[in-house]
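An overview of the molecular structure
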Amino acid sequence: MLLRLFTYLLLALGGVQATCGIDRRQVVRSFNPHRNASSETTPLQVGNGNFAFGVDVTGLQTFSPFATMSTWGWHNFSLPTTTGQTSVNDFTGLDWWTHGRLVNYNQPNPAENEISNWLIQNPQRVNLGTIGFSFNGVDVTEEILKDKSQTLDLWTGKITSSFTYDGAVVKVETWADSSSDTVGIAVESDLFSTGSLGIFFDFPLPTRNKFDAPFVGVFNATDKHTTSITHGENRATIRHDIDATSYYVLMAWSSRAEITGPVDGTHRYVLQPSKGAKKIELSVSFSPSPSKYTHSYNDVTSSSKTWWESFWRSGAFIDLSGVKSPNATELQRRTILSQYLTAVNSASSHPPQESGLVNNGWYGKFHLEMILWHLLHFARWNQFPLLRRSVPNMYSQYLSSSANRAGLQGYDGARWGKMTDPTGRSAPGEINSLLIWQQPHPMYFAELEYRSFPSEATLKSWDGILTSTADFMASYAFFNESTKRYDLGPPMYPASENTNPNATINPAFELAYWRFGLDIAIEWKQRQNLAVPDKWVEVRDNLAPLPVADDALAVYEGIPNMWENTTVQDHPAMSAVFGLLPPPSSGPSLNMTVIKNTADKIRDLWDLEDCWGWDFPMLAMNSLRLGDVDQAVAYLLHPLFEFDDAGYPVGGSRVPTPYFPGSSSFLLAMAMMAGGWDSEPGMHFPEAWDARVEGFVPGL
């Protein structure tokens, strides 16, 4: 154990397989995104993980109303008024037969359609407002602007934009504060002196749309919400009220200006600098409660510069700039941009939603099965301060509601939900209530933290969470009297979410993950010299074997026509058995012939057209463990695994853009390529690549 920890320390400090002295600033800035027109789907963003401000090519939200989003900004529409469906407590869900008994699941009830839908659709994440340029009543389009140019400086978090309108140049700088929900804006133009240019603030109404992309909210329902303004010297506060939700926007500016509004029939206010002015510096803070203080523009710029330089200089790093290969260049580009974008969109105090702080998917809620793909890379890249913003705190916060969920179903411990809001309430849904692969996630997070911080404090911080998680996992497994083994399901959905839940039993990945989770939970107790519950050991040592069909892993035990038709669609989670997961530390060893055959069959037979996001990094990690580095690179650069010009992961036909599990899982695979894993620490790049890395600890 001490030798292993010493090896990790050497790797993290730049010893074995790591090379010091990388010019990180040069590598990072060589991939600064540049645009000459707005994207139809993605903004450029400034932000800090809990707050983000997305802009079009003007440096504001002038023509494309990209979102201003936060961790705290949520809204509920009014509850239904139908008798018997006026309270969340009126929702009863549905009972399913589960191993000879009725179990209540959090699923939409046809007899309670209105409250079921309300619970699915509420709350929604709010677009806090848009800020853009006004042109003194002239109808201006983006196409009218000349000489448009925009660059995001990744090293400082600054967006610099410029354009020409009516013969005059407009220069814009856009920043975000590192620790508050504040955006800093500086604008310089002779147009201010003639009154031809101003800055507007507008406020949309949330919608009940499952997906609000690329823009969030609507601006044409002004009678359904209200705004009001309070004026001060060189400052103003706008209050926005939407049903029971209220929040405040405090703005302060550097030079003489007047703010008026709202414009008739809108919630739009216009800040007009005094004639003669040529520059204005503006800071805008969004808050759930009134405040008299906002950070100054200079405070925001200083904070952003300091934080981003610290971010890039800390943690692990990959430098492929010395590799003469377009594949290496593209992997480097995706790596740098994904690091920036996940810091902006995923490093929050709550788990991120799939689209981060860009737009809304699934009403803005986060999915607890996806937090592994969203957040685990922060541990592998040695960015633990960002990981610790949300875990283990999130698990502690949701422990009570998860224990209540398990108890109502007759299980021990805590059953983690799926599509979740900040209160820990999981939205009704058949898949939502029958998915199980989120259950062992806490074990993976805990184990990665322990290998970097092997202390009593780490053990104690996770012990209650892991205990409740393992208690549920042992309780959920059903003892099969015929086979004398413990089964998982039915009813259940595997990670692919595309099987018959009443026929799905012992899915390959979930079985392997169940063993992994119980192994970690048992070792966690042993590290603390605490008693290990007998049930954990009994279930782990008697789990059903991994299902096999045609000498390869099957999606689940007894699946008909495996490797044909619909059985080879959606997430190929069997690849994670030896990719995301290490070889088992208990029970029978993996049959490597079966594992290799599984990888081959997925490559040759799987409908990759039906895959997206984290599927390709998951397959790449499987390829790496199998020693096929070239195939790993091919998966990471697969034509269906796209990243746009600013580094956003393209959602494709299944989900809107961006789909951030693609970014985070990509970084997880790159960390595996850079740092290796327990049995094979060190770099695993193609042989001819002159790659350099810093700060990686081997993965599991």
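Read on for an overview of the structure. (Residues numbered from 1 in each chain as written. Predicted model: local features only at pLDDT ≥ 70, side-chain atom pairs only at ≥ 80, totals over all residues. Heavy atoms only, no water.)

1. Here's the deal with the overall build of the protein chain
- Check the secondary structure of the protein chain and you find 18 helices and 32 strands.
- Over its C-alpha trace the protein chain gives a radius of gyration of 26 Å, about what one expects of a compact globule, namely 27 Å for 700 residues.
- Seen along its three principal axes, the alpha-carbon backbone of the protein chain occupies a region of about 85 × 70 × 50 Å.
- In the protein chain, the share of contacts with a sequence separation of at least 24, taken over all contacts with a separation of at least 6, comes to 69%.
- Of the accessible surface of the protein chain, which amounts to about 25,500 Å², a share of 49% is contributed by carbon and sulfur atoms.
- For the protein chain, the centre of its 50 positive side-chain charges and the centre of its 71 negative side-chain charges are spaced 5 Å apart. (Helix = DSSP H or I, 4+ residues; strand = E, 2+ residues; numbered from the N terminus. Rg over C-alpha atoms; globule rule 2.2 N^0.38 Å. Contact = heavy atoms within 4.5 Å. Areas by Shrake-Rupley, 256 points an atom, 1.4 Å probe, with all protein chains shown as cover. Lys, Arg positive; Asp, Glu negative; His and termini not counted. Charge placed at Lys NZ, Arg CZ, Asp CG, Glu CD.)

2. Focus on the environment of Ile131
- On the secondary structure map, Ile131 appears in strand E9 (residues 130–134).
- The spacing of Ile131 and Thr62 is 69 residues in sequence and 6.9 Å in space, taken between C-alpha atoms.
- Contact partners of Ile131, with chain neighbours within four places excluded, come to Phe53, Leu60, Gln61, Thr62, Val183, Ile185, Ile199, Phe200, Phe201, Val284 and Phe286.

3. Re the packing of aromatic side chains
- Counted according to the given criterion, the structure contains 38 aromatic pairs.
- Their ring planes at 50 degrees and their centres at 5.7 Å tell us that Tyr411 and Tyr476 sit as a pair that is tilted. Taken together, the positions of Tyr411 in the loop between helix H9 (393–408) and strand E25 (419–420) and Tyr476 in helix H12 (residues 456–476) put the pair 65 residues apart, joining distant regions of the chain.
- You can call Tyr411 buried: its relative accessible area is 9%.
- Here Tyr476 falls in the buried class, since its relative accessible area comes to 5%.
- Pairing Trp563 with Trp606 gives two aromatic rings, centres 6.0 Å apart and planes at 75 degrees, and the pair type is edge-to-face. (Phe/Tyr/Trp six-rings, centres within 6.5 Å; stacked < 30°, edge-to-face > 60°. Buried < 20%, exposed > 50% of the residue type's maximum accessible area, 1.4 Å probe, protein only.)

4. Focus: the pattern of salt bridges
- Counted by the stated rule, this structure contains 28 salt bridges.
- Note that Asp421 and Arg425 form a salt bridge whose closest N and O atoms lie 3.3 Å from each other.
- By relative accessible area, which is 29% here, Arg425 ends up partly exposed.
- Among the salt bridges present, the one from Asp678 reaches Arg451, with a minimum N-O distance of 2.8 Å. Of this pair, Asp678 sits in the loop between strand E30 (676–677) and strand E31 (680–681) while Arg451 sits in helix H11 (residues 441–452); the two residues are 227 residues apart in sequence, bridging distant segments of the chain.
- Salt bridges here are not isolated pairs; linked through shared partners, they connect Lys596, Asp600, Arg603 and Asp604. (Salt bridge = Lys/Arg side-chain N within 4 Å of Asp/Glu carboxyl O.)

5. Some thoughts on the side chain of Ser664
- Among the secondary structure elements, Ser664 is positioned in helix H18 (residues 661–675).
- Among the polar contacts made by the side chain of Ser664, one reaches the main-chain carbonyl oxygen of Trp373 at a distance of 3.3 Å.
- Contacts of Ser664, omitting those with residues within four sequence positions, involve Thr342, Trp373, His374 and His377. (Polar contact = N/O pair within 3.5 Å; in protein donor to acceptor, adjacent residues only side chain to side chain.)

6. Things to note about the packing of helix H5 (residues 297–313) against helix H6 (residues 326–345)
- In the contact formed by H5 and H6, the axes pass within 12 Å of each other and the chain directions differ by 130 degrees. Of the possible angle classes, the one that applies to H5 and H6 is oblique. Crossing hand, H5 versus H6: right-handed. Note on element contacts: H6 touches H5 through Ile336, Gln339, Tyr340, Ala343 and Val344, opposite Trp307, Trp308, Phe311 and Trp312.
- For the contact of H5 with H6, the per-class residue count stands at eight nonpolar, one polar and no charged. (Axes fitted to C-alpha atoms, helices over the stretch in contact; angles between N-to-C directions. Parallel < 35°, antiparallel > 145°, perpendicular 65-115°, else oblique. Left-handed = near helix turned anticlockwise from the far one by under 90°. Nonpolar A, V, L, I, M, F, W, Y, C, P; charged D, E, K, R; others polar.)

7. Here we look at the environment of Pro440
- Take Pro440: it is sitting in the loop between helix H10 (430–434) and H11.
- Each C-alpha atom, one on Pro440 and one on Val284, is 41 Å from the other, the two residues being 156 residues apart in sequence.
- Residues contacting Pro440, with those up to four places away along its chain left out, are Met473, Tyr513, Trp514 and Gly517.

8. A closer look at helix H7 (residues 371–380)
- Summarising burial for H7: ten of the ten residues are buried, a large majority.
- Along H7, the positions that sit buried rather than exposed are Ile371, Leu372, Trp373, His374, Leu375, Leu376, His377, Phe378, Ala379 and Arg380.
- Positive backbone phi, approximately 60 degrees, marks Asn382, located one or two places after H7.

9. Notes on the side chain of Ser475
- Locating Ser475 in the fold gives a position in helix H12.
- From its side chain, Ser475 meets the backbone nitrogen of Asp412 in a polar contact 3.1 Å long.
- Ignoring any residue separated from it by four or fewer positions in sequence, one finds Ser475 in contact with Gly410, Tyr411 and Asp412.

10. Regarding the sheet that holds strand E3 (residues 51–55)
- Spatially, three strands are ordered E2-E3-E4 in an open sheet, and the strand pairing comes out antiparallel. Every interior strand has two partners, whereas the edge strands, strand E2 (44–47) and strand E4 (68–70), have only one. Going from strand to strand, the sheet's axes swing by 20 degrees on average, the running direction of each strand aside.
- Where E3 lies against E4, three bridges are found, and the strand directions are antiparallel. Paired with Phe53 across the strands is Thr68, a residue of E4.
- Lying over the sheet, H6 contacts E2 and E3, oriented at roughly 55 degrees with respect to E2. (Pairing = 2+ DSSP bridges.)

11. What about helix H15 (residues 592–605)?
- Across its 14 residues, H15 extends 19 Å between first and last C-alpha, which sits within 8% of the 20 Å expected from 1.5 Å per residue.
- Every buried residue belonging to H15 is among Val594, Ile595, Thr598, Ala599, Asp600 and Ile602, and all of these are buried.
- Residues of H15 that are buried make contact with strand E28 (548–549), strand E29 (552–553) and helix H16 (615–625). (Expected span 1.5 Å × (residues − 1).)

12. Focus on the packing of H12 against helix H13 (residues 508–527)
- Where H12 meets H13, the closest approach of the two axes is 9 Å, and the angle between their N-to-C directions is 135 degrees. Here H12 lies oblique to H13, going by the angle between them. Our pair here, H12 against H13, has a crossing hand that is left-handed. Seen from H12, the contacting residues are Thr458, Leu459, Trp462, Asp463, Leu466, Thr467, Ala470, Phe472, Met473 and Tyr476; seen from H13, they are Tyr513, Trp514, Gly517, Leu518, Ile520, Ala521, Trp524, Lys525 and Arg527.
- Class assignment for the residues of the contact of H12 with H13 results in 13 nonpolar, three polar and three charged.

13. With respect to the pairing of strand E10 (residues 146–153)
- When strand E1 (residues 34–35) meets E10, the two strands line up antiparallel, connected through two bridges. Within the sheet, the bridge partner assigned to Arg35 lies in E10 and is Gln150.
- Bridging between E10 and strand E11 (residues 158–165) involves six bridges; their strand directions are antiparallel. When the bridges of E11 are listed, Gln150 appears paired with Ser161.
- Hairpin connection of E10 to E11: four residues between the antiparallel strands, including Gly157 at a positive phi of 75 degrees.

14. A look at unusual backbone geometry
- Look at the link from Gly261 to Pro262: it is a cis peptide, with omega at 5 degrees.
- Tracing the backbone through its elements, the reader meets Pro262 in the loop between strand E19 (257–260) and strand E20 (269–273).
- With an omega of 10 degrees, the peptide bond running from Val391 to Pro392 counts as cis.
- Tracing the chain through its elements places Pro392 in the loop between helix H8 (384–387) and H9.
- Backbone geometry places Asp551, a non-glycine residue, at a positive phi of 60 degrees.
- Structurally, Asp551 is set in the loop between E28 and E29.
- A relative accessible area of 42% means that Asp551 is categorised as partly exposed.
- The backbone phi angle of Trp563 is positive, close to 75 degrees, even though this residue is not glycine.

Any functional reading would require information that these geometric values do not contain.
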